[in-house]
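The residues making up each chain are set out below.
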Amino acid sequence: MPARHISSQSFDEILSDLGDDPAIPDPHGIRKPPPQKNIPPKASSQSNDNFFAGSLSHSQIKNLTQGLTIPVIFIGALVVIAIGFFAVFNALNSSSQNDLEESQKQISELKKEMSLMRDEIYQDQDDLYIAIDKLEVSIHSLEEKKPEIRVFNKPPMPVHESELRRWRYLGASQMGISHLAYFHTGKSHLVFDKGAQVLGEWRLSNIEKGLVTLTHSQGKSLVLKASKTP
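What you see is a predicted model, and the numbers here were worked out from it, not measured in a lab. (Residues numbered from 1 in each chain as written. Predicted model: local features only at pLDDT ≥ 70, side-chain atom pairs only at ≥ 80, totals over all residues. Heavy atoms only, no water.)

This part covers the pattern of salt bridges. The tally for this structure, following the rule as stated, stands at two salt bridges. Note that R165 is salt-bridged to E161, the shortest N-O span being 2.7 Å. Placement of both R165 and E161 in helix α3 (residues 161-165) is noted, with a separation of four residues, approximately one turn of the helix. Between K220 and E161 there is a salt bridge, with its nearest N and O atoms 2.9 Å apart. Of this pair, K220 sits in the loop between β6 (211-215) and β7 (221-225) while E161 sits in helix α3; the two residues are 59 residues apart in sequence, bridging distant segments of the chain. In this structure K220 comes out as partly exposed when scored by relative accessible area, which is 33%. Relative accessible area serves as the criterion here: at 1%, E161 is assigned to the buried category. (Salt bridge = Lys/Arg side-chain N within 4 Å of Asp/Glu carboxyl O. Helix = DSSP H or I, 4+ residues; strand = E, 2+ residues; numbered from the N terminus. Buried < 20%, exposed > 50% of the residue type's maximum accessible area, 1.4 Å probe, protein only.)

Interpreting fine coordinate detail is not advised for predicted regions of low pLDDT. On average, the protein chain scores 75 in pLDDT, and the residues at 70 or more come to 63%. Predicted confidence in the protein chain is weakest over helix α1 (residues 8-18), with a mean pLDDT of 65, and strongest over β6, with 93. (pLDDT = per-residue confidence, 0-100.)

One open sheet accounts for three strands, arranged β1-β2-β3; its pairing is antiparallel. Edge strands, defined here as strands with exactly one partner in the open sheet, are β1 (168-175) and β3 (189-193). Across the sheet, the mean angle separating the axes of adjacent strands is 25° when strand polarity is ignored. As paired strands, strand β2 (residues 178-184) and β3 are joined by five bridges and run antiparallel to one another. Paired with L180 across the strands is D193, a residue of β3. (Pairing = 2+ DSSP bridges. Axes fitted to C-alpha atoms, helices over the stretch in contact; angles between N-to-C directions.)

Okay, the environment of R165 next. When its relative accessible area of 48% is taken as the criterion, R165 is described as partly exposed. A sequence separation of 59 residues divides R165 from L224, and the C-alpha atoms of the two residues are 7.4 Å apart. Setting aside anything within four residues of it in sequence, one finds R165 in contact with L222 and L224. A distance of 2.7 Å separates a polar atom in the side chain of R165 from a polar atom in the side chain of E161. (Contact = heavy atoms within 4.5 Å. Polar contact = N/O pair within 3.5 Å; in protein donor to acceptor, adjacent residues only side chain to side chain.)

Next up, the structure:
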């Protein structure tokens, strides 16, 4: 390392700058206090404070503002969501209340209708029981009093009626006071005057163009209509 030449004046100045060594005692107070440097006025500290405040207001406040923007937006969004949820909840609650009241009203009306139907059913049931009782009484009365069965015997057919029904009336003619009727018995032709006895107790009581009437002594009548000869 090259040697350096320091003058005595420079050496004294260096020592003055360094000050007295505190390790060396000075009981008599020979040492002089080191010269005090000019203390800068407080304006410098204020200027530093102003500089710090200025630098804080421009840079750090900007950063702080940017850092607080997201939380503020997030909080605002939460507030808006909470308000919207509250409004929707109130609307749903009001709608549910209205639906509940309407349902209760319908249930009340259904209860009234069911009550009326139940009363009608009970009334119909009572009427049915009364009708059953009456029917049972009627059945018992019918069982006790059996109706008399009347058999009406068919009166016997007069003799020769079936045979006369097989005759055919062919027509009539009138000659003076005689009024004649012509018949075909199935085997032969016969002619009878009005009032004549035809067969057995049957008489020719009436002669017309289209029919003749035969009467029996028991009061029965038989009508034969005219028919064309085969």
